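# Topology and contacts: notes
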Amino acid sequence: MADDLRRNMALFPIGIVMKLTDLTARQIRYYEQHELIVPARTSGNQRLFSFNDVERLLEIKSLIEKGVNIAGIKQVMNPVSKESEEATVVSEQSEVKRKELSDTQLHRLLKQQLIEKRPGNKASMIQGQLSRFYNKN
DNA sequence: ATTCTAACA
DNA sequence: TGTTAGGA
């Protein structure tokens, strides 16, 4: 509810986030480049992360460990924007819908990619995503 | 002391 | 991804 405000307030610098997530600064910045996270900035251009950012990073880390690449994560995770943040605050129903939709999309992507990834396409983003189905997330 | 961007023996 | 140079 209204503590989304707290979860979204930029509080910690990258150093703390590194310890909190066990990710390197390189990785954190890299994920930001790919818009998986959008941390705030200080006047001095230093990143300030919120609890939500940390949570997202932990999820990203989890997916990476399962072998999902950036392209795959982009499709599995909820988009980062004011719109989505509001949606999360306004209705938890939409959040549930987004998750169910994600799995549906994954299923779709799974087939879509199983047929288009024939040559030596090692960067298939379905890696690991299979485990999501088999392990029931 | 920390973090930032850009670039690659 | 790691690492490093050169600057805030």
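Up top is the structure.
Remember, predicted model here, so these are calculated numbers, not experimental data.

In this structure, D22 takes a positive phi of about 60° despite not being glycine. One can find D22 in the loop between α2 (14-21) and α3 (25-33). The exposure class assigned to D22 is exposed, which follows from its relative accessible area of 60%. One non-glycine residue with positive phi stands out, namely E35, at about 60°. Turning to its location among the elements, E35 is positioned in the loop between α3 and β1 (40-41).

A separate point is the protein's contact with DNA strand C. In the vicinity of DNA strand C, the residues found are T24, R26, Q27, Y31 and I64. Among atoms of DNA strand C positioned within 4 Å of the protein, sugar and phosphate together represent 41%. One nitrogen or oxygen atom from the side chain of Q27 is found 3.0 Å from a phosphate oxygen belonging to DNA strand C. Take the surface near DNA strand C: its biggest share by element is three residues, from α3. In terms of residue class, the surface near DNA strand C is built from two nonpolar, two polar and one charged.

Further remarks concern the protein's contact with DNA strand B. The environment of DNA strand B is made up of P13, I14, G15, R26, R29, R41, N45, Q46 and R47. One nitrogen or oxygen atom from the side chain of R29 is found 2.7 Å from a phosphate oxygen belonging to DNA strand B. In the model, a sugar or linking oxygen of DNA strand B is placed 2.8 Å from a nitrogen or oxygen of the Q46 side chain. Breaking the surface near DNA strand B down by element, the ones donating at least two residues are α2 and α3. Class assignment for the residues of the surface near DNA strand B results in two nonpolar, three polar and four charged.

Analysis parameters
Residues numbered from 1 in each chain as written. Chains lettered and ligands numbered in written order. Predicted model: local features only at pLDDT ≥ 70, side-chain atom pairs only at ≥ 80, totals over all residues. Heavy atoms only, no water. Helix = DSSP H or I, 4+ residues; strand = E, 2+ residues; numbered from the N terminus. Buried < 20%, exposed > 50% of the residue type's maximum accessible area, 1.4 Å probe, protein only. Near = heavy atom within 4 Å. Polar contact = N/O pair within 3.5 Å; in protein donor to acceptor, adjacent residues only side chain to side chain. Nonpolar A, V, L, I, M, F, W, Y, C, P; charged D, E, K, R; others polar.

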